[in-house]
Each structure stands twice: as C-alpha cells, then as structure tokens.
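The lines below spell out each chain.
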Amino acid sequence: MVDSFPRQYARTQRLTLGEPRDLSVTPDGQRVVFARSRGGADPVNCLWVADVETGEERLVADPVALMAAIAADDADLPPEERARRERLREGAGGITGYELDRAAERAVFVLAGNLFTAELDGESRRLDVPGPVFDPHVSPDGTRIAYVRGRELWVTDLHGDAHLVAGPADGDADTVSWGSADFVAAEEMNRYRGFWWSPDSSAIVACRVDDAPVQVWHISNPADPSSTPRPVRYPAAGTPNPEVTLHVCALESGDRVAVDWDRDAFEYLAKVAWNGHGLALTVLSRDQHDLQVLAADPSTGATTTVFTDHDDAWVELVPGTGALIAPDTPVMCTEADGARRLSLGDDLVSPADVQIRSVVQADADRVVVTGNPLDDASQLHVYRWTRAGGFEALTDGLAVNQATVGGDTILFRTATVDEPGARWRLPNGDTLDSHAERPLVRPNVRIAAHTTDAPTTAVLLPHDHDGSPLPVLLDPYGGPHAQRVLRSHNAFCASQWFADQGFAVVVADGRGTPGRGSAYERSVFLDLATGVLDDQVAALHAAAEQHPELDLTRVAMRGWSFGGYLSALAVMKRPDVFHAGIAGAPVTEWRLYDTCYTERYLGDPNERPDVYDANSLLPLAPELTRPLLLIHGLADDNVVAAHTLQLSAALLAAGKPHEVLPLVGVTHMTPQEIVAENLLLHQLDFLRRSLGITGG
C-alpha cells in the first residue's frame, strides 16, 4: 500500500510518536531519563536512561514485556487514567507518565492499572497492591509510593504492603473522592494531580473533592441504543463548581489537618507545591481577577499570604509558578509594563521586552524560564536569571526551544522550520535519538511577524506554484492560550498538505493568542468574537497583498475547538469574505462550556447574559448563506456534542442547509487512526465541493 500524508499523520499521531518525551535530568546532572517508543508508528512508550556525557542509552522498562507477563493491555485502563489522558490530549500508550525519587535511583509508573517500579540500574517489577492504580508518586526518600485507587488515596512500601490513607467517610456521598484533580483543575488550570508528598516523606497533602454541587450531564452512544448513558459531572458556566479542600495526612499517626483559606473568596485551588522551604498553595477567585499564594503550616493548617495579584480582566496562571524559593518568597509571574514578567517576591527580574511563558526550574539563586521576545511571538527561547549574573538568553535564532534541568545541567529541545521534528541536545553536542518519522510533506511557508494592522501570520503555497490564482484556506485556532504560528517544521505539516492539494493556506494568530503582551491577550475580555474574527480578515487581506495569487473569491476556513467556533462564526458573520467553513468540535453556546475557561473571558452568564448572547452562534443561524460542515465526536466530554446539535437544530429551524458529520466513539481529540486519516480526506472533499474546485 502506498503511504499518503493523511495516513502517515494518523498512524504517527501527528508525527509525535518515536520522539523522546517527559525528560528528567538527575540531580547530579549526569543522566537523563525519558520515555520514547521504538518507532514513529509505535504508540507504546518505553522508559530509557541516557548518559549525559556520552549519550549512551539503556532501556529501563519495556511495557510490552511487562504487560505480557501479567496478561494486560491498554484496554484495561481504569476510568481515571482514561480521563487523565483525555485532559492531557494523550493518545500514546505504554509509559505515558513516570516519577523519580529524589535520588533518581527509582522510577514508578502504571501499566493497565498495575503499579511498577524500575531501578534505573536494575530491573522493573510489579507491586501486588490493591488496585486499579492511578497516578502513583514515589516518596522523596524512595521508600514508599502513594497512589489513587478509585475514590481513595493509598500508600504502599516497596514490598507491596499497602494501606488506605484517606477515603470517603461513612455518610459521604459517592461524589466524594481523595487524591484526584477535579475536572476544571485538570482541563483549565493544568493541575492534573490531587496529592503531594512532604519533603521528609512523613506526610501527604491531599485534595478532597466533592462533586455533589455539580450538575449531572449524560454522554450517550447513539450508535448503540442498548448502552447506558454515562453520567458526568460537568460544571458549565454560571453553575456550581465542586467543593475542593486540602488536608495534610500524617502517615504514622494517621492524623489529618485541614488547610485553611477563604474558600468563599478564592474558590479555585490552582496549584500546590511542597518543598524544603514549605507548603504553598495558589488560590484564585471565581472571577479570576484575584490570586493569592499562601504559605501553610502543615501542623495547624493555618495559612499566611506571601503573594497577591490582581487584574481587571484575569490573572494568568503560568506553568511552573507557585513554589517557594525561600520561606516567604514564591516564584511567580505578573503583568507589568505591558508584559508578563518573572517575579521573585517584590522583585521583577525579567525585562519588559520578554513575555515569560513558563518556569522550568527555580531556586533562590537561579531560575530557568521559557519566553519570547515581544516583537515575535512565533519564537520561543530559554532564559536564565541568576543572582550573580541577572537575566540572560540561553538560546537564540528563529526557533522554538524548551528545556529541562537537573543540577547544573540544562538540556535544550530545539525545533525550526527548516528541519523536521525537534532535537534534544546534550551538553557534548550530541542529540538524543529520535525515531519519529520524517513527514511526507515539506512546508513551503513564509512567516510574517505581527504588525500594527495584522497578526502574526504564516502563508503556505504549493511547491513550484506557477502563480495562477489559488483558492484560500484559513487554518487557525485563533483563541486564547494557543498558537498556530510557530517556528517549527511539524507545526505546518497538515496545513502544507492542504496547500499541496491546490490551496493557499493562511494561518494567523490574532488577538487573545499568547506571546504578544498583556494588552493583546486581554483584548478578548468580554468579547471572544468581534476582534478575533476581524484579525483573521486582516491577516487574509495582508497575505493577499504580499501574495497576489490568493483568490479572494474562493475563501474557506477550517478549525477545531475554538477554531471550530471561529470557522462557523466566520461564514455566518462575514459571508462577504468567507465562502465555506468547517467547524470541528465547536463551542456554539458558551453557556454550555465549563466555568473556569468561559467565565475567565466572558464573566458570569447570570450577571452578563448580554455578553453570552453576543458571543453565541445560535442567534446567528438565520444569517448562514454559505456551506458549513459541522464535525463532532459523540463521546466528547469537554465540548459536548450538544454544541453542534443545538446549532444544527437552529440552522434547520431557520431553513439553512448545512452538513453534520458525527464521529461515533470519538472524544475531543481524534487518536483513532482511521478517523484521523479519513477526517482530513473528508474535509478536502467538502472544500472542493463548496468552492467549486474541479479535478484533484
């Protein structure tokens, strides 16, 4: 069978399989631990360790052999693990997460609900403990492992002698759980765990989550009417969130201390960190205008405020922040002088021409971060602040860089437009082996950094194009917290495939997307529609000025999630510009989306119904005059299928023809190979039909 890009893109899970991932550098800086599958189409990740100086690699744990020995496979995943992978958009299998003890001698991980330990210099073995096991974390001293079992938190020693630490008490409803992250924490705050070890390994601080206040929705499978609908607790905008509390559990005495904070004023528990400087939690108000970092006394649960932040739009939660680097000093980021800046206590230590994107590693004398220059958000670089040397860039060039740190060793991951994939560089100049496949397309892309009148934009044309008019496809995400225009080869492969089918593809990051400074990100506050759509139109016209081959009489847009919302919005609001739209998993009515994300940008629908009406697609249904394809996974528990079904019903009531493609058994991501491949082909067919393109 001759391979094609859609088939390759599907079976390699968007060209991600086979790359080193989840890197950890040991504290002495001598070894790097990572996960990687054996090939670019192999979804099963193994655990590896490499010598930093020589690059020599060694296999630590092989899931195929380990699971064969216990007659298990990924079909046996517990529901909590399936939910975690959905929140992380994780499509791979095998070892999709692991943790090292403080000495980096031992790793722990889960396969099909079974708990395993792996000695980095020895063998892997299964621990026979009550399960199924979810989200294990090894104690800092390496002697015990804590894990979640259903709604309970357990601890075991290395011999499998396990005992219950915390679970629902007598009289608790079946909505109470211990040790797991609630839905909005995992989906919108990047907090995927619900318990943390004390530095001395004597205690665990754990979340207690009660979902009783949260409304119950049901996810059904219309393709199998005999199946029972699956109930889910979904906190839609303007409705109650779960009740989340935090408790310190002493392992020897069994004593339990509640951590105290003003939960009426600060409803969201966004982050927890416990290190040698103390226990810290980051809490956020329901409207997300106010944030506090609290230092907690583990023996009493009393808290003191060590950092506050306020923003009239919203306070940004930056990955890697919130841990203490001194007893009263957390590492944080705050908006100042038009940019997101690194804050150590009251000191701003990064310049105002760099937008900080994440904190990689932090202590009192050194902080490593990622960020981008404000004049070009398509780049991402690694920076370091030291007490002795100040703030400096560690990477340069037109590239997307990331880093991981252990001791004095920093490893860099670099992607560029010119080379496929990305490379993890060792200090000696070698790179970790990548087994990722080389894409069957090669981006022919020109990236234009933003101007006053147009957003950051990429234009992709067919190779060796003769200059004749080309139909145009806009291919954005377009919403907050995500970018599409990055200096990375693989970021443009799917767009280039459409270009190679005879399109000019325009990808634009308009207002609200990250990297452009405080005001630009917050320009979508209370309006996710007007400026966002205006920027796509501006990018299209700016691209046409530079590329006269763009045929503005045949323009379409395709997108997924927020991009799906934007695509449907485009054909309904601006049919003078857009002649067809593909809306994949679109949010169509923001009252149906979750509290944390939606209220951050649009406020509370009970207080601002006019804002929600103005941003909804449902009232626009009578305005549709262009072809529109709606695509939705019927198993989606993030953007539920009701979004597409309600818009389709409104369109039908208004007498507006449209197409709906339901995806049976598909969630918000589309990891199924046959679905992912044929989805691209179906979209291409729709675009050709809708724009009157013949041939191909």
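Residues numbered from 1 in each chain as written. Predicted model: local features only at pLDDT ≥ 70, side-chain atom pairs only at ≥ 80, totals over all residues. Heavy atoms only, no water.

Observations concerning the overall build of the chain
To keep it simple, the criterion reads: Helix numbering and strand numbering both begin at the N terminus, where a helix is a DSSP run of H or I of at least 4 residues and a strand a DSSP run of E of at least 2. Put simply, the radius of gyration uses C-alpha atoms, and a globule should come to 2.2 Å times the residue count raised to 0.38. Partly exposed describes any residue whose relative accessible area lies between the buried limit of under 20% and the exposed limit of over 50%, with all areas from a 1.4 Å probe on protein chains only and scaled to the type maximum. What makes two residues a contact is simply this: any of their non-hydrogen atoms within 4.5 Å. Per-residue and other accessible areas were derived by the Shrake-Rupley procedure at a 1.4 Å probe size, with only the shown protein chains allowed to occlude residues. Positive: Lys, Arg. Negative: Asp, Glu. His and the chain ends are not part of the count. For this purpose, a charge sits on NZ of Lys, CZ of Arg, CG of Asp or CD of Glu.
From N to C terminus, the chain includes twelve helices and 43 strands. Its C-alpha radius of gyration of 25 Å places the chain within 12% of the 26 Å reference for a compact globule of 696 residues. A total of 696 residues make up the chain; the buried ones form 60% of that total. Within the chain, counting contacts between residues at least 6 apart in sequence, those at least 24 apart form 59% of the total. Put simply, the chain shows about 26500 Å² of open surface, and 49% of that area lies on carbon and sulfur atoms. Charged side chains of the chain number 57 positive and 99 negative; the gap between the two group centres comes to 4 Å.

Section: the packing of helix 7 (residues 530–546) against helix 8 (residues 562–573)
Spelled out, the test is: Lines fitted to C-alpha atoms define the axes here, with helix axes fitted over just the stretch in contact, and angles between the N-to-C directions of these axes take values from 0 to 180 degrees. Any angle that falls under 35 degrees is termed roughly parallel, while one over 145 is termed roughly antiparallel, one within 65 to 115 roughly perpendicular, and all others oblique. Side-chain classes follow a simple rule in which Ala, Val, Leu, Ile, Met, Phe, Trp, Tyr, Cys and Pro form the nonpolar group, Asp, Glu, Lys and Arg form the charged group, and the remainder, Gly included, forms the polar group.
With their axes 10 Å apart at the nearest point, helix 7 and helix 8 run at an angle of 75 degrees to one another. Classified by the angle between their axes, helix 7 and helix 8 sit roughly perpendicular to one another. Contacts between helix 7 and helix 8 involve Val-532, Leu-533 and Gln-536 from the former and Phe-562, Leu-566, Leu-569, Ala-570 and Lys-573 from the latter. Residues that form the contact of helix 7 with helix 8 fall into these classes: six nonpolar, one polar and one charged.

As for the side chain of Ser-285
So the rule is basically this: We call two N or O atoms a polar contact when they sit within 3.5 Å, provided that within protein one can donate a hydrogen and the other can accept it, with sequence-adjacent residues counted only if both atoms are side-chain atoms.
Counting through the fold element by element, Ser-285 comes out in the loop between strand 22 (278–284) and strand 23 (290–296). At 2.7 Å, the side chain of Ser-285 forms a polar contact with the side chain of Asp-287. Every residue in contact with Ser-285, bar those within four places of it in the chain, is listed here: Ala-265, Phe-266, Glu-267, Tyr-268 and Asp-290.

Let's talk about helix 12 (residues 673–691)
Think of an α-helix as turning once every 3.6 residues; residues three or four places apart then point the same way. Inclusion rule: Expected span of a helix: the number of residues minus one, times 1.5 Å.
When the terminal C-alpha atoms of helix 12 are compared, their 28 Å separation across 19 residues agrees well with the 27 Å that a helix rising 1.5 Å per residue should span. Following helix 12 by one or two positions, Gly-692 adopts a phi angle in the positive range, close to 70 degrees.

With respect to unusual backbone geometry
Cis geometry marks the peptide bond from Gly-131 to Pro-132; its omega dihedral reads 5 degrees. Summarising the element assignment, Pro-132 is placed in the loop between strand 9 (124–127) and strand 10 (134–138). Although it is not a glycine, Asp-464 adopts a positive phi angle of roughly 55 degrees. Here Asp-464 shows up in the loop between strand 37 (456–460) and strand 38 (470–474). The exposed category is assigned to Asp-464, whose relative accessible area is 81%. The backbone phi angle of Leu-526 is positive, close to 70 degrees, even though this residue is not glycine. Along the chain, Leu-526 falls in the loop between helix 6 (518–522) and helix 7.

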